[in-house]
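Descriptive structure summary
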Amino acid sequence: MSNVPSELRDDIPTFDNRPASTHDGPIDWSALTSVRTAKSAMEIGAIVGLAAAIFFGLEAVLRWTDTPTYVFPKPIDVVRVLWNEFMSVFLHHLWVTMYEFLSGYAIGAAVGLLLAALITQKPFAEKVIAPYILIMVTTPMIALVPFLRLEMGFGSWPLIIAVALASGPMVMLNSATGFRRTDLAKIALARSYGASTFQIFRKIRFPLALPMIIVGFMVGSIFGLLTAVGGEMVAPSEAGGLGERLVYYSSLARMDEFGAVIAIVAALGVGIYVLFYFIGKRWASWEA
Amino acid sequence: MDPKLRVEGASKVYAGKSGAVHALDDLTLDVAEGELITILGPSGCGKTTLLWAMSGLHALTSGRISLDGTDVDGPLPHEIGVIFQEANLLPWRNIRENIEFPFEIKKKSVNHARIDALLAETGLADFADSMPRELSGGMQQRASIVRALAQDPEVLLMDEPFGALDAFSRDEMNLLLLRLWHESGKTIVFVTHNISEAIFLADRVVVLTPRPGRLAHIYDVDLPRPRTIEMTFEPGFIELVQDMKRTVETGGRAVLEVE
């Protein structure tokens, strides 16, 4: 009986409608991808209306109370600064932050995904590595940046490494949860048509894990951005970056510029969320 | 004539966490070419285990299974098609992509003409681009039958395919299956826990005992073909149902006493 698929050999056949261990990772982040979003014109109109009300309401209150700019910047001034100085000042720093974030995230996500795919094949390896991953997930990697600065100088590598260390374990943890899903019936189906172990991985295990992988990528990217901006605040490179600007402007009480940088960081975060929302919709909607 | 499929002394013990589970015990069975045989027994009597062993997905603890005289020691993708419980479609693929899945695995070109003909025959022509969850249970199971038949296997092993359907869809699916069987002349082994379904479809009904699955009795069904739903209301049919129910409950001892 040598050709009998080994993963089916001694399991009592089960036919669960839902794959086992759908959301039983250490942390359930799946809620991040399932925020209720607006659809009708009325809902969108209400959202835009509320934004306008906050924007102009704040402007009016600040003018009415005659609040000085160093206490709180007026929204219209922030927009003006953003408009006037975006190309000359902010674009450079946005690029620096994006470069550190994207490089670190690419490394972290790739290693995390690969490690998750490999490690879930061997329960023993998984159990041995799990505590270390947990330590990496819970340790704020921003704390490492000053140390890496001393070791590696004032280039972008310390921040790239910190971003990779922050995002990688997040990607790994969630992807591992995805790869750990086993659907015996679907594996049996593929095996009955003579599928190889690699085909099983590519056509069954990977698609089954994909929704959790996307969640991992999303959470990892948010942690990565956090680490990039935070790391720049703590120990920036020579080139600066959005975090460095935040510290710089606040130390000089230049609150209009400070507000503009905050707006850019917020837009970056929202952009990442929207990107993954659509990726999830395209590639993981079957699970909704 | 030599049997198409032969099961000899098949036993299977699972090494479960809470002790060994004895699923099958010394089962011997011949299936003739072109025959439609049903295997009947209560839940947990090793029916699925037997079917998975026939399809090469499971290894037996002892005994052997052979197809055309050759031992089955692993999946036979060209000779055997398996139809699983709950349709077992891949939820991330639409119906057409699900039906093309075996072609991809086997790395051969998709037979579009055959697939389209089968989709039309099973009433799924308009649903080829739908996702599985958009379809009813009966339609999903039809898609899974199309997926298996598109490969044109010699033997079709069906594991309680209609178990999750309501009685009306089940009748409809049974009639469809009989029509497809009549047209294709395939050998079909059909596992079920529904007595009247077992009789309605079969040339022969193999009744198994619960835990461990042991042969209780083999019934020859001499209802004329083509079969109609009306036949299931006739006194002879109902008598047979009652007789089989007793056989399942007593593990075949009652039959032995009568004989």
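How each quantity is defined
- Residues numbered from 1 in each chain as written.
- Chains lettered and ligands numbered in written order.
- Predicted model: local features only at pLDDT ≥ 70, side-chain atom pairs only at ≥ 80, totals over all residues.
- Helix = DSSP H or I, 4+ residues; strand = E, 2+ residues; numbered from the N terminus.
- Buried ≥ 20, exposed ≤ 12 C-beta atoms within 10 Å, placed from the backbone.
- Contact = placed C-beta atoms within 7 Å.
- Nonpolar A, V, L, I, M, F, W, Y, C, P; charged D, E, K, R; others polar.
- Pairing = 2+ DSSP bridges.
- Axes fitted to C-alpha atoms, helices over the stretch in contact; angles between N-to-C directions.
- Domains from an automatic or database assignment.
- Core = buried A, V, L, I, M, F, W, Y, C linked by C-beta atoms within 7 Å.
- Parallel < 35°, antiparallel > 145°, perpendicular 65-115°, else oblique.
- Left-handed = near helix turned anticlockwise from the far one by under 90°.
- pLDDT = per-residue confidence, 0-100.

**Notes on the overall build of chain A**
When its secondary structure is counted, chain A shows nine helices and zero strands. Listed N to C, the secondary structure of chain A is α-α-α-α-α-α-α-α-α in terms of helices and strands. Per-residue burial for chain A yields a buried fraction of 35% across its 288 residues. Across chain A, every contact between residues at least 6 apart in sequence was considered, and the portion connecting residues at least 24 apart equals 79%.

**A closer look at the interface of chain A and chain B**
Put simply, an interface is often sized by how much accessible area is lost when its parts join up. With 25 residues of chain A at the contact, the number on the chain B side is 27 residues. At the level of elements, α6 (184-192) and α7 (197-234) of chain A are the ones that each hand at least two residues to the side of chain A that touches chain B. A per-element tally of the side of chain A that touches chain B places α6(A) first, with seven residues. Taken together, the residues of the side of chain A that touches chain B break down into 15 nonpolar, six polar and four charged.

**Focus: the sheet that holds strand β4 (residues 62-67) of chain B**
Strands in a sheet are paired, the pairing made by backbone hydrogen bonds, and the direction either parallel or antiparallel. Residue and element names in this part refer to chain B. Taking strand neighbours across the sheet as the criterion, the four strands line up as β2-β1-β4-β5 in an open arrangement whose pairing is antiparallel. Both outer strands of the open sheet, β2 (19-31) and β5 (70-71), are each paired with one neighbouring strand and no more. Both β4 and β5 contribute to a ladder of two bridges, which runs antiparallel. Directly across from S66, in β5, lies its bridge partner D71. Relative to strand β1 (residues 5-16), helix α1 (residues 47-54) is tilted by about 120°, and along the sheet it contacts β1, β2 and β4.

**A closer look at the pairing of strand β8 (residues 187-192) of chain B**
Residues and elements named next belong to chain B. Within β8, six of the six residues are buried, which leaves it mostly tucked inside the rest of the structure. The two faces of β8 match: T187, V189 and V191 on one face and I188, F190 and T192 on the other face are all buried. Direction of pairing for strand β3 (residues 36-40) relative to β8: parallel, over a ladder of five bridges. Paired with T38 across the two strands is F190, which belongs to β8.

**As for the domain arrangement of chain A**
Annotation of chain A at the domain level lists domain 1 (37-67) and domain 2 (75-287). When each unit is reduced to the centre of its C-alpha atoms, the spacing between domain 1 of chain A and domain 2 of chain A is 31 Å.

**Section: the sheet that holds strand β10 (residues 215-220) of chain B**
All names here are of chain B. In space, the six strands of this open sheet follow the order β6-β7-β8-β3-β9-β10, with mixed pairing throughout. Each of the sheet's edge strands pairs with one partner strand only, and the pair in question is β6 (80-83) and β10. Within the sheet, the average angular offset between the axes of one strand and its neighbour, ignoring direction, is 15°. When β3 meets strand β9 (residues 204-208), the two strands line up parallel, connected through four bridges. Counterpart to I39 in the pairing with β9 is V206. Contacts from helix α4 (residues 137-149) reach β6 and β7 (155-159), with the element oriented near 170° to β6.

**Describing the nonpolar core**
Counting 130 residues, the largest nonpolar core has A162(A), V146(B) and V189(B) as the members making the most contacts within it. Each residue touching V146(B), except ones within four places of it in the same chain, is listed here: I99(B), I115(B), L118(B), L119(B), T122(B) and L124(B).

**Examining the pairing of β9(B)**
Among the five residues that make up β9(B), four are buried, leaving the element largely enclosed by the rest of the structure. The antiparallel hairpin formed by β9(B) and β10(B) contains six residues in its connecting segment, where R211(B) sits at a positive phi of about 30°.

**Quick look at the packing of helix α2 (residues 75-119) of chain A against α7(A)**
All names here are of chain A. Packing of α2 against α7 leaves a shortest axis separation of 9 Å and a crossing angle of 140°. Accordingly, the angle class assigned to the pair α2 and α7 is oblique. Regarding α2 and α7, the two cross each other, and that crossing is right-handed. Contact with α2, carried on its side by T97, E100, F101, G104, Y105, G108, A109, G112 and L113, involves I213, F217, G220, S221, G224, L225, A228, V229 and E232 of α7 and no other residues of that element. When the residues that make up the contact of α2 with α7 are grouped by side-chain class, the tally is nine nonpolar, seven polar and two charged.

**Some points on the confidence of the model for chain B**
Chain-level pLDDT for chain B is 88 on average; 97% of the residues reach the 70-or-more range. Across the predicted assembly, pTM comes out at 0.82 and ipTM at 0.88.

**Overview of unusual backbone geometry**
All names here are of chain B. R225 connects to P226 through a cis peptide bond whose omega is 0°. When you line up the elements, P226 lands in the loop between β10 and α7 (235-250). With a phi close to 70°, A87 is a non-glycine residue in the positive phi region. By the secondary structure assignment, A87 is in the loop between β6 and α2 (95-106). Unusually for a residue other than glycine, D152 sits at a positive phi of about 50°. Relative to the helices and strands, D152 resides in the loop between α4 and β7.

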